[in-house]
Amino acid sequence: MTEVLRMENITKIYPNGFMANKDVNLAINTGEIHALVGENGAGKTTLMKILFGMESFQGGRVLLNGEDADISSPLDAIDKGIGMVHQHFMQVPSLSVAENVTLGIEPGKGLLFDQKTASEITQEISDKYQLKVNAQERIADLGVGLRQKVEILKALVRKCRILILDEPTAVLTPQETQELFVQLKALKKDGIAIIFISHKLEEVMELCDRVTVLRAGRTVGTDVIGNLDPAKISRMMVGRDVILKIQKDPAKPKDVVLRVSDLEYRNGENVKVVNKVSFVVRQGEIVGIAGVEGNGQNQVAELVAGMLPLGHGTVEILRRSIKGKSVRKIREMGLAYISEDRMLYGCAANLPIRENIMADRIHTRRYKKLGIFTDPKKVNEEIDQLIREFEIACDDRSQPVRMLSGGNIQKVIVAREFSSGAQLILANQPTRGIDVGTTEMIRKTLVRKAREEGVATLLVSSDLNEILEVSDRLLVMKDGEIVAHFQDTSQVSEDLLGEYMLGVKCMTKEEMGDLV
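Scope of this entry: the structure provided in the associated data block. Please read these numbers as outputs of a predicted model, since none were measured by experiment. (Residues numbered from 1 in each chain as written. Predicted model: local features only at pLDDT ≥ 70, side-chain atom pairs only at ≥ 80, totals over all residues. Heavy atoms only, no water.)

**What about the overall build of the protein chain?**
What counts here: For the purposes of this entry, the term helix denotes a DSSP run of H or I that reaches at least four residues, the term strand denotes a run of E that reaches at least two, and both are numbered from the N terminus. Just to be clear, the radius of gyration here is over C-alpha atoms, and the globule rule we use is 2.2 Å times residues to the power 0.38. With a 1.4 Å probe rolled over the protein chains alone, any residue whose accessible area is under 20% of its type maximum counts as buried; one over 50% counts as exposed, and the rest are partly exposed. By the convention used here, residues are in contact when the closest approach between their heavy atoms is within 4.5 Å. For the accessible areas, the method is Shrake-Rupley and the probe is 1.4 Å, while residue cover comes only from the protein chains on display.
From N to C terminus, the protein chain includes 18 helices and 22 strands. Relative to the globule expectation of 24 Å for 516 residues, the C-alpha radius of gyration of the protein chain, 24 Å, shows essentially globular dimensions. Dimensions of the protein chain along its principal axes, counting C-alpha atoms only, are 70 × 55 × 50 Å. Counting all 516 residues of the protein chain, 53% fall into the buried class. Within the protein chain, contacts between residues separated by at least 24 positions form 67% of all contacts whose residues are at least 6 apart in sequence. A total of about 23100 Å² of accessible surface is found on the protein chain, and carbon and sulfur atoms cover 49% of it.

What follows is the structure, encoded as structure tokens:
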């Protein structure tokens, strides 16, 4: 193997003075899969944006095939053989695979688009690397696994020799992940260098040849995979030992806190995305919902939280219906809610940490003087205590949330929700896209609140390791319906779970039991 990419002493300082990268070094060989790992805010994304021409930098240099490369834009990066598959797909759902893949490089004469040639080009690359994508299908008709492959196709059609993959397995089942790994190894065999960004260290160990770890914007080190294990990588990332396995006592559930009955919901296109969903969550237990992205689990969470209007069916918290109640009233009934989209619903990015944490409680008498005026001393003391308790890395309580890393933004949100005194926690993708240290803290806190405080928890997650480690009971959704109910997650493997998620298997009502 020969070196295809070298990034030397890369330094990036943003206009506000934040140093995202400091003398970072990264070397990639042809035909290798190289993992780039680190906590949120470690500088991984910034480094890749520099490589892909999306960000400028103040120090260091980038070499491609041993020669200095001035990469001025993403188009320039593509011309130089660099492709990037972003975590959030960049596709036009109404267009075909071929139309999406050739967008911007459309074959044809003048304004005439040659659909046949576009399909042939796309299908040829798909077949060469066994991606199993039909060039003529509409993007809107594809599952998430195939849409992921379309993004890879877009880079391959543009003849990339360095492929950046940002959390490519975040929403895939184990079976889809294994299929993707086979195809990535085929790319590697063809001499393509792959930079694999992931928080899933088991996948890094299985797939990658070498690992580079970033921490606090600096390179901690690079090593071959044979010298590492998940614990060592975690220690390099966080600077301390991280507990990757959750230890928890068996659940001792008590009274029902959440009861969902015959829940249905149609989306804006009048498609029924939730179909007669029923289940209960009891005091002291964690109930997980698993499913391939887009099978109704997010809508169930938003219906329970009051983010979507409740039409057909009932949702009761502590025997009181939420129908017709505002989000604030539902929260006052005892609900804490960690949203799937932390930036849209979880926080007010331009407001300080203080206001974000106090958003759900500032109106209560607890923080009032004489029942009228807000007591700033009491507020500040509580905020500072939560910053310490949840280890939020920030300048102080007045720092705007948008200035924090993704992991620390999530810490602000969970600090608010976990300290709200709620009897029901609804955690929707609580650790998506965050580092192992923050993930460990959130998972351990969910278990502690269930076991020590008797809190009922509904956990929606696409991370199968998380859903199996943290949950006591587990529901699986497919096409808007509950297709499986496992009453003891310790007896469930990721492969078995994946079969139900993909619809290969489906339980009968009798097999699921009376809790659904």
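**Re the pairing of strand β6 (residues 82-85)**
For the record, the criterion: At least two DSSP bridges between two strands are required for those strands to pair.
Here β6 shows a buried face lined by I82 and M84 and a second buried face lined by G83 and V85. Direction of pairing for β6 relative to strand β7 (residues 162-166): parallel, over a ladder of four bridges. Bridging across to β7, V85 finds its partner in L165.

**Quick notes on the environment of L303**
Mapping L303 onto the fold places it in helix α9 (residues 297-305). Classification of L303 by relative accessible area gives buried; the value is 0%. A C-alpha to C-alpha distance of 8.5 Å links L303 and Y265, two positions 38 residues apart in sequence. In this structure L303 touches L263, Y265, V274, L308, P309, L310 and I322, once residues within four positions along its chain are discounted.

**Quick word on the sheet that holds strand β19 (residues 424-428)**
Rules: Note on method: axes are straight lines fitted to C-alpha atoms, helices fitted across the in-contact stretch only, with angles between N-to-C directions ranging 0 to 180 degrees.
Taken in spatial order, the six strands of this open sheet run β16-β19-β20-β13-β21-β22, and their pairing is mixed. In this open sheet, the two edge strands, each paired with only one partner strand, are β16 (335-338) and β22 (481-486). For this sheet, the mean inter-axis angle between neighbouring strands, taken without regard to orientation, is 15°. Contacts from helix α15 (residues 436-453) reach β13 (286-290), β19 and β20 (456-460), with the element oriented near 140° to β13. Sheet strands touched by helix α17 (residues 494-501): β13, β21 (473-478) and β22. Its angle to β21, the strand with the most contacts, is close to 35°.

**A word on the sheet that holds strand β12 (residues 272-282)**
An order of β12-β11-β14-β15 is seen for the four strands of this open sheet, with the pairing classed as antiparallel. Of all the strands in the sheet, just β12 and β15 (320-321) have a single pairing partner and so form its edges. As paired elements, strand β14 (residues 314-317) and β15 share two bridges and run antiparallel to each other. Bridge pairing links I317 to R320 in β15.

**Digging into the packing of helix α14 (residues 406-418) against α15**
Here is the rule we go by: Reported orientations rely on four angle classes, namely roughly parallel under 35 degrees, roughly antiparallel over 145, roughly perpendicular from 65 to 115, and oblique for the rest. For any pair of crossing helices, the crossing counts as left-handed if the nearer helix is rotated counterclockwise from the farther one by less than a right angle, and right-handed if it is rotated clockwise. Amino acid classes used here: Ala, Val, Leu, Ile, Met, Phe, Trp, Tyr, Cys and Pro are nonpolar; Asp, Glu, Lys and Arg are charged; the rest, including Gly, are polar.
At a minimum axis distance of 10 Å, the contact between α14 and α15 shows a crossing angle of 15°. Classed by the angle they form, the pair α14 and α15 counts as roughly parallel. Taken as a pair, α14 and α15 cross one another with a handedness that is left-handed. Note on element contacts: α15 touches α14 through T438, M441, I442, T445, L446 and K449, opposite G407, Q410, K411, V414 and F418. Among the residues making up the contact of α14 with α15, the classes are represented as five nonpolar, four polar and two charged.

**A word on the side chain of S198**
The line we're drawing: The term polar contact refers here to a pair of N or O atoms within 3.5 Å; inside protein, the definition further demands a hydrogen-donor-capable atom paired with an acceptor-capable atom, and it admits residues adjacent in sequence only when both atoms are side-chain atoms.
Tracing the backbone shows S198 in the loop between β8 (193-197) and α7 (201-207). Assessed through its relative accessible area of 1%, S198 is described here as buried. Reaching out from S198, the side chain makes a polar contact with the backbone nitrogen of K200 at a distance of 2.9 Å.

**Quick word on the environment of N134**
Along the polypeptide, N134 turns up in the loop between α4 (115-128) and α5 (144-157). Here N134 falls in the partly exposed class, since its relative accessible area comes to 38%. In this structure, the C-alpha to C-alpha distance between N134 and T122, residues twelve residues apart in sequence, is 8.6 Å. At 3.0 Å, the side chain of N134 and the backbone nitrogen of Q136 are in polar contact.

**Considerations on the pattern of salt bridges**
Threshold: We define a salt bridge as a side-chain nitrogen of Lys or Arg found within 4 Å of a carboxyl oxygen belonging to Asp or Glu.
Overall, the coordinates contain 36 salt bridges when judged by the stated rule. Across the pair E332 and R328 runs a salt bridge, and its minimum N-O distance is 3.4 Å. Placement of both E332 and R328 in helix α10 (residues 327-332) is noted, with a separation of four residues, approximately one turn of the helix. Accessibility expressed as a relative area gives 46% for E332, which makes it partly exposed. Linked by salt bridges that have partners in common, R331, D360, R361, R366, E382, R416 and E417 make up one network.

**Quick notes on unusual backbone geometry**
The phi dihedral of K159 is positive, around 60°, even though this residue is not glycine. Position of K159 relative to the elements: it lies in the loop between α5 and β7. In this structure K159 comes out as exposed when scored by relative accessible area, which is 67%. You will see that D262, though not glycine, has its phi angle at about 50°, which is positive. Locating D262 in the fold gives a position in strand β11 (residues 256-266).

**A few points about the environment of L184**
Here L184 is to be found in helix α6 (residues 174-189). Accessibility expressed as a relative area gives 0% for L184, which makes it buried. A C-alpha to C-alpha distance of 51 Å links L184 and I362, two positions 178 residues apart in sequence.

**Some details on the nonpolar core**
Rule in force here: By nonpolar core is meant a set of buried Ala, Val, Leu, Ile, Met, Phe, Trp, Tyr and Cys residues that side-chain atoms within 4.5 Å join together.
Formed by 130 residues in total, the largest nonpolar core has its most connected members in L163, L184, L258, F279 and L497. The element contributing the most residues to this core is α5, with seven residues. Residue contacts for L497: discarding those within four places in its chain leaves A290, L464, I467, L468, L474, V476, F486 and V492.

**Details of the packing of aromatic side chains**
Threshold: Put simply, two rings from Phe, Tyr or Trp (the six-membered ring, in Trp's case) pair if the centres are within 6.5 Å, and we call them stacked under 30 degrees between planes, edge-to-face over 60, tilted for the rest. Here, over-ring charges are defined by two tests on the NZ atom of lysine or the CZ atom of arginine: distance to the ring centre within 6 Å, and angle to the ring normal within 35 degrees.
Applying the stated criterion across every chain, the model contains three aromatic pairs. Taken together, a centroid distance of 6.2 Å and an interplanar angle of 75° make the contact between F181 and F196 edge-to-face. Here F196 lies in strand β8 and F181 lies in helix α6, a separation of 15 residues in the sequence. Taking relative accessible area as the criterion, F196 reaches 0% and is therefore assigned buried. Here the aromatic rings of F390 and F418 are separated by 6.4 Å at their centres, their planes lie at 40°, and the arrangement is tilted. Linking F390 in the loop between α13 (376-389) and α14 with F418 in helix α14, this pair joins segments that are 28 residues apart in sequence. One cation-aromatic arrangement involves K12 over Y14; the distance from NZ or CZ to the ring centre is 4.7 Å.

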